[in-house]
Amino acid sequence: MKKLFLFAFLLVLTSSCFKKYDAKITIDGSSSVYPITEAVAEEFREVEPDIRVTVGVSGTGGGFRKFTRGETDISNASRPITAIEIKAAQENGIEFIEIPVAYDGLAVVVSTENDFVDYLTISELKKIWEPEAQGVIKSWKQVRESFPDVPLNLYGAGTSSGTYDYFTEAVVGKAKSSRGDYTASEDDNVLVQGVSTDKGGLGYFGLAYYSENAGKLKLVPIDDENPENGTAPVLPSAASVNDGSYGPLARPEFIYVSLKAANDPYVQKFIKFYMENAPVLVEEVGYIPLSKEAYQIAYERFLKKIPGSMFDDKSHVGVDLIKILRSENE
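Source: prediction; values computed, not measured. (Residues numbered from 1 in each chain as written. Predicted model: local features only at pLDDT ≥ 70, side-chain atom pairs only at ≥ 80, totals over all residues. Heavy atoms only, no water.)

Asks: Explain the overall build of the protein to me, and be specific about the residues and the numbers.
Replies: Per the secondary structure count, the protein includes 14 helices and eleven strands. Going through the 330 residues of the protein one by one, you find that 53% of them count as buried. The long-range fraction of contacts in the protein, counting pairs at least 24 apart against all pairs at least 6 apart in sequence, stands at 76%. For the protein, the computed accessible surface area is about 15,300 Å², with 53% contributed by carbon and sulfur atoms. (Helix = DSSP H or I, 4+ residues; strand = E, 2+ residues; numbered from the N terminus. Buried < 20%, exposed > 50% of the residue type's maximum accessible area, 1.4 Å probe, protein only. Contact = heavy atoms within 4.5 Å. Areas by Shrake-Rupley, 256 points an atom, 1.4 Å probe, with all protein chains shown as cover.)

Asks: Just give me the short version of the pairing of strand β6 (residues 153–157), but keep the residues and values in it.
Replies: Counting buried positions over the five residues of β6 gives four, a clear majority of the element. Looking at chain direction, β6 and strand β8 (residues 201–206) are connected through three bridges and run parallel. Among the inter-strand pairings, Asn153 is bridged to a residue of β8, identified as Gly201. Two strands pair when backbone bridges link them, and β6 and strand β7 (residues 183–185) are joined in this way by three bridges, in the parallel orientation. Residue pairing in the sheet places Gly156 in a bridge with Ala184 of β7. (Pairing = 2+ DSSP bridges.)

Asks: I'd like to hear about empty space enclosed by the protein, residue by residue, with values.
Replies: Scanning all chains against the criterion turns up two cavities of 30 Å³ or more. Within this model, the largest cavity holds a volume of roughly 40 Å³. Lining the largest cavity we find Ser31, Ala157, Ser161, Thr163, Ser185, Glu186 and Asp188. Looking at the lining of the largest cavity residue by residue, the class counts come to one nonpolar, four polar and two charged. Of the voids in this model, the second largest cavity is the one considered here, and its volume is about 30 Å³. Ser30, Ser31, Ser32, Gly59, Thr60, Ser78, Ser161, Gly162 and Thr163 are the residues that line the second largest cavity. The residue makeup of the lining of the second largest cavity, split by class, is no nonpolar, nine polar and no charged. (1 Å grid on protein atoms, 1.4 Å probe; cavity = no way out; pocket = protein on both sides within 12 Å on 5 of 7 lines; lining within 4 Å. Points joined across faces, edges and corners; volume = space filled by probe spheres on them. Nonpolar A, V, L, I, M, F, W, Y, C, P; charged D, E, K, R; others polar.)

Asks: Explain the packing of helix α12 (residues 265–284) against helix α13 (residues 292–303) residue by residue, including any values.
Replies: Helix packing geometry: the angle between the two helix axes and the distance between the axes. Relative orientation of the contacting elements α12 and α13 amounts to 165°, with a least axis distance of 11 Å. Compared by their axis directions, α12 and α13 come out roughly antiparallel. The way α12 lies across α13 gives a crossing that is right-handed. Across from Gln268, Ile271, Lys272, Met275, Ala278, Pro279 and Val282 in α12, the residues of α13 making contact are Tyr295, Ala298, Tyr299 and Phe302. Along the lines of polarity and charge, the residues of the contact of α12 with α13 split into nine nonpolar, one polar and one charged. (Axes fitted to C-alpha atoms, helices over the stretch in contact; angles between N-to-C directions. Parallel < 35°, antiparallel > 145°, perpendicular 65-115°, else oblique. Left-handed = near helix turned anticlockwise from the far one by under 90°.)

Below is the structure:
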């Protein structure tokens, strides 16, 4: 009798631990977009507790691999989908809607112990990161004659990261074109730890991760060497990203919604909530909100179920997002 009672008790206890949900929304992808989507999901769970929203982090490339196989409903991405990924989606019968959700500036950082780097130019960054620099550019003095002969140690995004794709395209001129002798990680916290404890370290990642660790790192102003943007080096900020003065290291962030999922009323609720709350939540987690008009047009793209990418495998470095949104929505 006691065993029967114990079994019944455990059965009730176990059942109470597994909530039944009316629906499930599965999201994966970029580590850069994760804080935004997770913040939205957290707030959404409060108002829609019967809809389970899971947000994973596989990197932009890893997220698209799952998305194009039909394994997820939404994919976070820190770059537009590529032609190869679009082809994979088509082969699996996956159509999608592309929605920009925020701006991000890529932060170039050094250790707080670094007292000689006052700014860097895009040309210097290219000299450091291009494939030809591997095993050759090993000292800060090789970057600029006035720098000391201190070993140069590099930290950056892993090769499946959208941040890696964007940085290499913006700096080197070709996506995925980079030296390979650096500490690479999909976890930005690993990069923060590496640079912060290395006087000769140099790294890059999303501005939000710098903001979270500002006391451990020194943010480097960037001179994009574009006369139209002036000649003074610029730090990434909401203002410099929005007005274009931060040059090529400012980028839009995206979510991709499968067309199949977009027909689900629960997903429709989630995207509506996302677009309505993004301006506040994006800023809260350290990113830069789009303009009110941009969010409105982006949401209209979803409501109209406009499929495909606005970029069609073209570069989005320095792109005028609002101009593209307007033209695509006509």
